[in-house]
Amino acid sequence: MQRDFALGVIPIIRMKGLLLVPIQTPPSDSQARQLLEDLLDAVIATGSKKLVLDVSALDMIDSYLTRIFYDIVNAAGKLGVKAAIVGIRPAVAITLVQMGVESFSVDTFLNLDAALEKLGA
Amino acid sequence: MEKTLEKDLGKFIKPLDMFLKGTTSARVGEVPGGAALETLRKKLNEVLDHAEKDNETFHRINMCMADALTDWFEALNQMKAGDLGAHVSAQYGDEFLDQLGKQLNETLSAMKAAEEEREYTNRRKAEALKDWSKALKAVMAGNLEARVSARYGDEFLDRLGGQINDILSHVERDNEIFHRTNMGMADALTDWFEALNQMKAGNLDAHVSGEYGDEFLDQLGKQLNETLSAMKAAEEEREYTNKRKAEALEDWFKALKEVKAGNLDARVSARYEDEFLDKLGDQINDILATLKAVDDERNRQRQQLVDQQSKLIQELSTPIIQVWDEILALPVIGIVDSVRAQEMMEKLLERVVASQARCVIIDLTGVTMIDTKTADYLIKMVKASTLVGSQCIITGIGPVVAQTITRMGLDLQGIVTLRDLRDGLKRAFQDMNLEISEKKG
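Bear in mind that the values here come from a model prediction, so they are computed numbers and not experimental data. (Residues numbered from 1 in each chain as written. Chains lettered and ligands numbered in written order. Predicted model: local features only at pLDDT ≥ 70, side-chain atom pairs only at ≥ 80, totals over all residues. Heavy atoms only, no water.)

### Considerations on the pattern of salt bridges
If the charged atoms of two oppositely charged side chains come close together, the side chains can form a pair.
Okay, so step 1: Counted under the stated rule, the structure contains twelve salt bridges over all chains.
Okay, so step 2: A salt bridge links aspartate 107 of chain A to lysine 118 of chain A, with the shortest nitrogen-to-oxygen separation between them at 3.6 Å. Placement of aspartate 107 of chain A in strand E6 (residues 107–109) and of lysine 118 of chain A in helix H4 (residues 112–119) is noted, with a sequence separation of eleven residues between them.
Okay, so step 3: Look at aspartate 107 of chain A and you get partly exposed, because its relative accessible area is 40%.
Okay, so step 4: Lysine 118 of chain A sits in the exposed class, given a relative accessible area of 54%.
Okay, so step 5: Between aspartate 49 of chain B and arginine 27 of chain B there is a salt bridge; the shortest N-O distance is 2.7 Å. Placement of aspartate 49 of chain B in helix H2 (residues 35–53) and of arginine 27 of chain B in the loop between helix H1 (3–21) and H2 is noted, with a sequence separation of 22 residues between them.
Okay, so step 6: Beyond isolated ion pairs, a larger network of salt bridges with shared partners links Glu38, Arg41 and Lys42 of chain B. (Salt bridge = Lys/Arg side-chain N within 4 Å of Asp/Glu carboxyl O. Helix = DSSP H or I, 4+ residues; strand = E, 2+ residues; numbered from the N terminus. Buried < 20%, exposed > 50% of the residue type's maximum accessible area, 1.4 Å probe, protein only.)

This is the structure:
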C-alpha cells in the first residue's frame, strides 16, 4: 500500500487500481471538502477505476457528509470511476433511512470483499 | 347648813345668852373654824371683860350688844335654814360691834360662796354625769357617733369627758372595722360562691371581683382568680387536646381511605401541634411508605415478569435465524406494533452487520394484521438493510398486508417480494451464486 496522497487528514490508499478511503474519524466540513478534492486529484493521478469509501468507523453521517459522498460518486463517475461505500453501521443506516436517504446513488456493501467482488477487482 | 357652823355659832350664842341673863363671867370658849371666828371670840370675850368691869358701859354696850347679838343670831339662823344670802346689819351704834358685824358679814359671804361653790360643783358633776349617760345610751342604741360635750366648766370633768370621747371614738372605729369586715367577708364569700357556680355551670371565664374593701380579702380574691384562670387554661388545654386528637384521627382516616382507593402516595400530615400525635402520624406515614414501597416492588416485579414474558414472546415471535452462511431469515409472527417493529429493525440490522449476512429474508406469512406505522417500519427495514449492504427479500405478503401497503401508497419498487420463505431462500442462493445439488454416488 502506498499512501500517495495525504494532503488532507483522511488517507487515500492506493492498491491494485483501487483507491481505498478509510474514514477513521468524523471529518469536519472542510476536511470532507478536502477529501473530495484529494480524491479527484488521486483519481486523475493514478488512473484508478475503482473507489471504495470505508465508513465502518463512523457512528454518524450527517447531511453534509452525505452531500460530499454524493459529489464524490458523481465526480468519480464522470471520470469513469466506479465507486462503492462499505461498512455503514446499523444505527447510521436507520438514521439515514429515517432522514429519507435511501442510497448515495452508489452501491453499498457490508465489507470490502463484497465490494471488490462487485466492482470486479 | 353645816353642822360645824351650827356648833360654832352655838359656842358664841350660849355665853352671850348667859351674860345677858346675868352670868357676867360667861365667855366664848374655843371655836375652831377659821381665823375670823377666832378673832370674833377674842373680841367678844374682851367685850365681856369690859362689860363686867363697867356696868354702865356694860349696860350701854349691853344694849348694843344685845342688838348686835340678836342680829347675829338672826342671820346665823337664817343661814342655817338655808338662806345663804343672810347677813347682819352691822349698824349697832357701836364702832367695835359694827366692825365685828362687818367681819361676820364677810364670813357669811365666804360661807355663802363656798356653799354656792359646792353646789356649783355638784351641779356640774350632775350635768356631766347626765351628759355621759345620754351619750352612752345613744351609743348603745347604735349611734356610734354620739359623744359627750366635755365642756362642763370643770377641768377635771372636761378631762374625763375627753377620755370618754376617746373611748367612744375607739368603739366607733372598732365597730366600723368589725362591721366592715363582716360586710366585706359576706360580700367576698357571696362573690366566690357565685364564681364557682358559674365555673361549674361551664362558664370558664368566671372570676371574682377581688374588691371587697379589705386588703386581705382582696388578696385572697386575686389568688382565687389565678386559680380559676389556671382551671380555665387546663380545661381549654384538655378541650384543645381532644380537638387535636379528633383532627388527627380524621386525617388518618382520610389518608387510609385514599390508600384503599388506590392512591398509595396518600400521607397523613403529622402536624397536629401535639408531640405524641405527631409521632404517631410519622409512624403511620412510615407504614404507608413501606406499603407503597412493597407495592411498587411487587409492581416492578410483575412488570419485569411481564416485560420478560413479552420480550420472550417477542423473541419467539420474531426470531432471527441464520439459515445459511450469510443468509438470515426473519419470520414475523402475530401482530406487530410499531414499537416491536422498531425493535425488530434495530435488532435485525445489528445482526446483519454482526454476521455479515449478505441476504435477509423477511417472511410475513404469519402476520395477520399490520398497521401503517409498522408497514412503514417494514419498508424502512428493507431500505436500511440495503444501505448496510445486505439484500432484503420479503416473502409471504398476504392480502391484509397487501391491502395496507396499497392503501398507504407505499412504493415497493426495488424490493424483491416472493411468495414464501422457500422461494426467498432459492432466490437468495441464486443471488449469491450458490447451487444445491445432489451428492453424487
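Back to the write-up after that little detour.
### Overview of the packing of helix H8 (residues 338–355) of chain B against helix H9 (residues 372–388) of chain B
Residues and elements named next belong to chain B.
Okay, so step 1: Where H8 meets H9, the axes come as close as 9 Å, and the angle between the chain directions of the two elements is 10°. Here H9 runs roughly parallel to H8, going by the angle between their axes. The two elements H8 and H9 meet at a crossing, and its hand is right-handed. Packed against H8, whose contacting residues are Ser338, Ala341, Gln342, Met344, Met345, Leu348, Leu349, Val352 and Val353, the element H9 presents Lys373, Thr374, Tyr377, Lys380, Met381, Ala384, Ser385 and Val388 at the interface.
Okay, so step 2: Per-class residue counts for the contact of H8 with H9 are eleven nonpolar, four polar and two charged. (Axes fitted to C-alpha atoms, helices over the stretch in contact; angles between N-to-C directions. Parallel < 35°, antiparallel > 145°, perpendicular 65-115°, else oblique. Left-handed = near helix turned anticlockwise from the far one by under 90°. Contact = heavy atoms within 4.5 Å. Nonpolar A, V, L, I, M, F, W, Y, C, P; charged D, E, K, R; others polar.)

### What to know about the environment of asparagine 45 of chain B
Residues and elements named next belong to chain B.
Okay, so step 1: One can find asparagine 45 in helix H2.
Okay, so step 2: What makes asparagine 45 buried here is its relative accessible area of 12%.
Okay, so step 3: Residues asparagine 45 and phenylalanine 12, 33 residues apart in the sequence, show an inter-C-alpha distance of 9.9 Å.
Okay, so step 4: Asparagine 45 has contacts with Arg27 and Val28, leaving out every residue within four places of it along the chain.

### A short note on the packing of aromatic side chains
Residues and elements named next belong to chain B.
Okay, so step 1: Following the criterion strictly, the structure yields one aromatic pair over all chains and no others.
Okay, so step 2: When the ring of tryptophan 324 is compared with that of phenylalanine 429, the centres are 5.3 Å apart and the planes differ by 85°; the resulting orientation is edge-to-face. Of the two residues, tryptophan 324 is situated in strand E1 (residues 321–324) and phenylalanine 429 in helix H11 (residues 421–431); the sequence distance between them amounts to 105 residues.
Okay, so step 3: A residue is classified by how much of its surface remains accessible, and tryptophan 324, at 43% relative accessible area, is partly exposed.
Okay, so step 4: Taking relative accessible area as the criterion, phenylalanine 429 reaches 10% and is therefore assigned buried. (Phe/Tyr/Trp six-rings, centres within 6.5 Å; stacked < 30°, edge-to-face > 60°.)

### As for the environment of tyrosine 272 of chain B
Residue and element names in this part refer to chain B.
Okay, so step 1: Within the secondary structure, tyrosine 272 sits in the loop between helix H6 (215–261) and helix H7 (275–317).
Okay, so step 2: Dropping the residues within four chain positions of it, tyrosine 272 is found in contact with Arg244, Ala248, Asp251, Trp252, Leu277, Asp278 and Gly281.
Okay, so step 3: Side chain to side chain, tyrosine 272 and aspartate 251 meet in a polar contact 2.7 Å long. (Polar contact = N/O pair within 3.5 Å; in protein donor to acceptor, adjacent residues only side chain to side chain.)

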